[in-house]
Each structure stands twice: as structure tokens, then as C-alpha cells.
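Residue-level listing of the chains:
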Amino acid sequence: TLPAHHVKKGTPPTIIFHGQADTTVPYATAEAFTRVMKAAGNRCELDINDGGAHGYLMRDKTLFDDTMKKTDAFLKSLGLLD
């Protein structure tokens, strides 16, 4: 089953970093999960990398650093980091 099939009200907040050119986990999967999460009243943020293939974050230090900053901001907004 797809991850979106497991969403219910109260599913923990989620941030997703996904490349649109990912052929291992199709981008549509991330879009569907985000849509279902929001429809259930849950927080879900989808950060899109145009043309990014599977694992794109590990191949580019600038993208990796940007992802870490966005992750920190997301966790801070939830009160999980100072």
C-alpha cells in the first residue's frame, strides 16, 4: 500500500524532500501523501526539487545544507529544537 493509505487525523507532522525526477519513489507518491495529510487536518510540507533524482540530496553539498536548515526550521516550529 502507499503511504497515503496510512494517514489519519493526528498523523505526526511531516516534512518531505522529494525530487520530481525520482523514478525509485515517484513524485506523485509524495504529492498524494501531502494532499491526504492536509485533507485530514495534519501538517505536511513538501519541498520539491525540480529535476531531482532519487537521493539527490546526497550528491550536492549545497542542497544537503539547505535541507538541513529547512529541517531545523521545521523542527523548531514544532518546538522540538531550540
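Look above for the structure.
Thresholds, definitions, all that
- Residues numbered from 1 in each chain as written.
- Predicted model: local features only at pLDDT ≥ 70, side-chain atom pairs only at ≥ 80, totals over all residues.
- Heavy atoms only, no water.
- Helix = DSSP H or I, 4+ residues; strand = E, 2+ residues; numbered from the N terminus.
- Buried < 20%, exposed > 50% of the residue type's maximum accessible area, 1.4 Å probe, protein only.
- Pairing = 2+ DSSP bridges.
- Right-handed = clockwise from strand over helix to strand, strands pointing away.
- Contact = heavy atoms within 4.5 Å.
- Polar contact = N/O pair within 3.5 Å; in protein donor to acceptor, adjacent residues only side chain to side chain.

*Asks:* So what's going on with the overall build of the protein chain? Residues and values would help.
*Replies:* Within the protein chain one finds two helices and two strands. Mapped in sequence order, the helices and strands of the protein chain form the string β-α-β-α. Taken along the three principal axes of its C-alpha coordinates, the protein chain extends 35 × 35 × 15 Å. Taken over 82 residues, the protein chain has a buried fraction of 30%.

*Asks:* Summarise the pairing of strand β1 (residues 14-19); cite the residues concerned and give the values.
*Replies:* Counting buried residues in β1 gives five out of six residues, a clear majority hidden from the surface. Relative to strand β2 (residues 44-49), β1 runs parallel, the two being bridged by six bridges. Each residue of the ladder has a partner; that of Phe17, found in β2, is Asp47. Handedness of the β1-helix α1 (residues 27-39)-β2 crossover: right-handed.

*Asks:* Describe the environment of Arg43, with residues and values.
*Replies:* Relative to the helices and strands, Arg43 resides in the loop between α1 and β2. On the basis of relative accessible area, Arg43 is assigned to the partly exposed category, the value being 31%. Separated by 25 residues in the primary sequence, Arg43 and His18 place their C-alpha atoms 17 Å from one another. Other than its neighbours up to four places away in sequence, Arg43 contacts Pro12, Pro13, Thr14, Met37, Phe74, Ser77 and Leu78. There is a polar contact of 2.9 Å between the side chain of Arg43 and the side chain of Ser77.

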